[in-house]
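What follows is the residue order along each chain.
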Amino acid sequence: MTVLAGHESTASPRLPEHLSYDTGLFPSSLEYHAPGSPLPAIQTPSATIQELGYQLFDHGDRDRVHRTWRNHISADSFRYRDGLSPVDRARLAYERLRDVNSLVGEAETLARDPQMLASLHEWAAIVDGGGALCTLASIHFNLFLGSLVDQDSNQRDLSEFTSMRRTGTFLCTELEHGNDASALETTAEYDRATGGFVLNTPTPGARKFMPNTSPIGGPKSALVAARLLIDGRDEGVFLFLTPLSDENGMRPGVDVRLLPFRTGAPVDHCMTSFDHVLLPREALLESEHGRLDGDGVLNSSLGNRRKRFLRSISRVTTGKLCMSGAAVGASRAALAIAVRYSDRRHVSGSRAGERVPLSAHRSHHGRLLTSLATAYAMTFAHRAVTTRWMEHTPEDQEDVERQVAVLKGWITWQARAITVECRERCGAQGLFSANGLADFPQYTEGTITAEGDNLVIWMKAASELLFQSRTDQRDEEEPPLRERDLSDLRFLRGLLAAAERLCRERASAALRRGPAGDPLGRWNSASPSALAMVGAHAALQATDAFLAAIRETIDPTARLLLEQLCRLFLLRQLDERTGDLLAAGCLTADHVRALPEAVEIVMAELAPHMTTLVDAFDLPSEFLDALPMLRDDDYGLLPANTRASV
């Protein structure tokens, strides 16, 4: 293995947590490494791997946040099982969910901890059936239990759910109301005679779409989002705790139709409707957004129905963090598999009889390095936004929610690209589910849609960011443009910020030029540039999180590796934006011509370190060793002494 020239890795202790290198945005080490210098080999990068892992996995909080889940998925029960039907795989996902629940201790505590919930998804996503396990965990622990914990003023007994004698599910989306779920039609009418409610699905389009409501997995209860009707008046959408099934099957009035199983996450998705199901008074989840008094009068601190709906489904923000975490975990696992395979898979070399590893080819390792740089950026961005959400205040909640949504879109889209790339780089071996890669792209497709379709949440974020007042901070003492170098992280970061600004200006101009009296037409003309602005904004947030990690890194080799990864990430981000930047005078023609060579220099320096970079992902050896294509016996795909028969 190799390290960057002149910087040996030592196992020196970390600085105390209260000390740091500096308080500026940029690391202090940016000037002391010349790109393109030779890379002599040394023997042990263990301190470097340790330092990279420290930065990737929540620093001193690593054991609390990650160790339990990481160790748990090392068990044989999480290895791939061949020959299972979709129904059997769905049942297995529920078994694993109960297995996870046995580790939790206090499930209510887990539901209150966004960091631990996201970490659970990050590690669960990498194992066999991880997509299904993540889906069920997100629904049961976050949407169901989390909503009960957040909105339950009745302090009801949750033991049957925390013990998983009953599994919780969440019913919001309807067949005709997905991204416009605030317009859902399901009703819960207040019955003055009993003090309870009548839950009903009034139209076929109001059937709840895709909840896991079948008898598979045992008895279930749901939180059903429905319109509270009091004397015919619509008071907005609230959640109602509704038993769906017991040991004898579905409850009266509950109709469940199993949908086809989807790839990547074999879960018992269903179409579900209610025929005048009677619910007791305590079924209504109440908090400051709405409480019924003894006379059946709703008292709410929120003045309109939309705000009450958003409060009822407020757990979707933590859900976005969970989906991002799962996508980050799947991306890192896919890269670890693909990099290891590229080292062990040999092909014909340029000389007769020569065999070289796939990883020797720039056409192969260059794509993986680009994905590695992005995966590191994704991880750091996810850590930063999770911390912001945990520390948010009422004053900054709206801004933080927007950042969570923006990064969920960016991270899950990047994860799809990375997992597809890794699958392709492993050729036909990557097509077998037993090899761990085939299901990642399909599962990440689900994260793109779950907890808010990416394009829709980016459109909402674009409209908010576009009308948000911004003050761009620029360095008054920047050197002349022709003296700026593409190896300078400060310059590269500034270019990405300029790209965001240019997209904002173009979108604003399009709005002003749009047809008068046609709001949709005006927005349609502005939306392409507005969406490009959000993309640049997300990449800039990831860059700043990356730079913060570099600033905190102590081991010099780890620090230089992170700097080079960050350079590669930024150079790749600028690839598609050079036209705008050149036209705006932010780049010279020489810069544009130099960009391909700058990428090549960074890739040449990083190529010998790919294994070190994925070793820092800390995947359990039990997981990696069980993958057939990383073994030598027929790549592990053939059982002993078997022949094909027809």
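Rules used throughout
- Residues numbered from 1 in each chain as written.
- Predicted model: local features only at pLDDT ≥ 70, side-chain atom pairs only at ≥ 80, totals over all residues.
- Heavy atoms only, no water.
- Salt bridge = Lys/Arg side-chain N within 4 Å of Asp/Glu carboxyl O.
- Buried < 20%, exposed > 50% of the residue type's maximum accessible area, 1.4 Å probe, protein only.
- Helix = DSSP H or I, 4+ residues; strand = E, 2+ residues; numbered from the N terminus.
- Pairing = 2+ DSSP bridges.
- Axes fitted to C-alpha atoms, helices over the stretch in contact; angles between N-to-C directions.
- Core = buried A, V, L, I, M, F, W, Y, C linked by side-chain atoms within 4.5 Å.
- Phe/Tyr/Trp six-rings, centres within 6.5 Å; stacked < 30°, edge-to-face > 60°.
- Lys NZ or Arg CZ within 6 Å of the ring centre and 35° of its normal.

## Some details on the pattern of salt bridges
Okay, step 1: All told, the structure shown has 38 salt bridges when counted by the stated rule.
Okay, step 2: For Arg-425, the salt bridge is made with Glu-424, and the minimal N-O distance between the two is 3.8 Å.
Okay, step 3: By relative accessible area, which is 38% here, Glu-424 ends up partly exposed.
Okay, step 4: One salt bridge in this structure joins Arg-493 and Asp-544, with 2.9 Å as the shortest N-O distance. Taken as a pair, Arg-493 in helix H14 (residues 489-513) and Asp-544 in helix H15 (residues 519-552) lie far apart in primary sequence, 51 residues in all.

## A look at the sheet that holds strand E4 (residues 208-212)
Okay, step 1: The antiparallel open sheet is built from three strands, whose spatial order is E4-E10-E9. The open sheet terminates on both sides in strands that have one partner only, identified here as E4 and strand E9 (254-258). Adjacent strand axes in the sheet meet at a mean angle of 40 degrees, parallel and antiparallel pairs treated alike.
Okay, step 2: Note that E4 and strand E10 (residues 269-274) share three bridges and pair antiparallel. Bridge pairing in E10 places Asn-212 opposite His-269.

## A short note on the nonpolar core
Okay, step 1: Phe-141, Leu-372, Tyr-376, Trp-410, Phe-546, Leu-581 and Leu-619 are the most contacted members of the largest nonpolar core, which totals 161 residues.
Okay, step 2: In terms of residue count, the dominant contributor to this core is helix H9 (residues 316-344) (16 residues).
Okay, step 3: Formed by 23 residues, the second largest nonpolar core is a distinct cluster that contains Phe-197, Leu-228, Val-256 and Ala-283.

## Here we look at the packing of aromatic side chains
Aromatic ring pairs are reported here in terms of the distance separating the ring centres and the angle at which the planes meet.
Okay, step 1: Taken as a whole and assessed by the stated rule, the structure comprises nine aromatic pairs.
Okay, step 2: Ring centres 5.5 Å apart and planes at 40 degrees place the aromatic pair Tyr-376 and Phe-617 in the tilted group. Placement of the pair is Tyr-376 in helix H10 (residues 362-390) and Phe-617 in the loop between helix H19 (610-615) and helix H20 (621-625), with a sequence separation of 241 residues.
Okay, step 3: Members of the aromatic cluster, joined through ring pairs, are Tyr-376, Phe-380, Phe-546 and Phe-617.
Okay, step 4: The aromatic ring of Phe-617 is capped on one face by Arg-332, whose charged end is 5.9 Å from the ring centroid.

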